[in-house]
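Residues per chain, in single letters:
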Amino acid sequence: MKRTALYLLITVYIALTLGCAKSDSFLKTHDYNSDGQVTKEEYNRTFDTMDANGNGLLDDEELTNVLSGH
Ligand SMILES: [Ca+2]
Ligand SMILES: [Ca+2]
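Caption draft 1: Seen up close, the coordination of the calcium ion (ligand 2). Within the protein, the atoms that donate to the calcium ion (ligand 2) are Asp51 (OD), Asn53 (OD1), Asn55 (OD1), Leu57 (O), Glu62 (OE) and Glu62 (OE), at distances of 2.2 to 2.5 Å. Coordination at the calcium ion (ligand 2) comes from six donor atoms whose angles at the metal span 53 to 155 degrees, giving a geometry best classed as irregular. The class of Glu62 is buried, set by a relative accessible area of 6%.

Caption draft 2: Inspection of the coordination of the calcium ion (ligand 1) at higher detail. Around the calcium ion (ligand 1), the protein contributes the donor atoms Asp31 (OD), Asn33 (OD1), Asp35 (OD), Gln37 (O), Glu42 (OE) and Glu42 (OE), at 2.2 to 2.5 Å from the metal centre. With six donor atoms in place around the calcium ion (ligand 1) and angles of 54 to 157 degrees between them, the coordination shape is irregular. Taken in sequence order, the residues that donate to the calcium ion (ligand 1) follow the motif D-x1-N-x1-D-x1-Q-x4-E. Classification of Glu42 as buried rests on a relative accessible area of 8%.

What counts, and at which threshold
- Numbering of residues starts from 1 in each chain and follows the order in which that chain's sequence is written.
- Numbering of ligands from 1 and lettering of chains from A proceed in the order in which they are written.
- For a predicted model such as this one, the threshold for reporting local features is a pLDDT of at least 70, and the threshold for listing and counting side-chain atom pairs is 80 or more; totals across whole chains, interfaces and linings nevertheless cover every residue.
- Where side-chain values are given, they derive from all heavy atoms of the structure, hydrogens and water being excluded.
- For Na, K and Ca the donor cut-off is 3.2 Å, and for all other metals it is 2.8 Å, counting N, O and S atoms only; because water is absent from this set, sites may look incomplete.
- Think of it this way: with four donors and all angles in the 85 to 135 degree range, the site is tetrahedral; with four or six donors, opposite ones beyond 155 degrees and the rest between 65 and 115, it is square planar or octahedral; otherwise it is irregular.
- With a 1.4 Å probe rolled over the protein chains alone, any residue whose accessible area is under 20% of its type maximum counts as buried; one over 50% counts as exposed, and the rest are partly exposed.

So, in structure tokens, the structure goes:
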């Protein structure tokens, strides 16, 4: 699966699971410089934060940790 498609799936999964489908919640989470926009680099930063073992993939354990707030 291409990385972009994976990002989209993860975003939808997190948004639906956490109930943060509103754009302001999404911005609050991913807009690191608070300019009101999320760049690809900012989104990659979020991905990298979630990818605890740095292998470029998010597995069930990593997603569970993110969703549980660990
Ligand atoms: Ca930004
Ligand atoms: Ca990983």
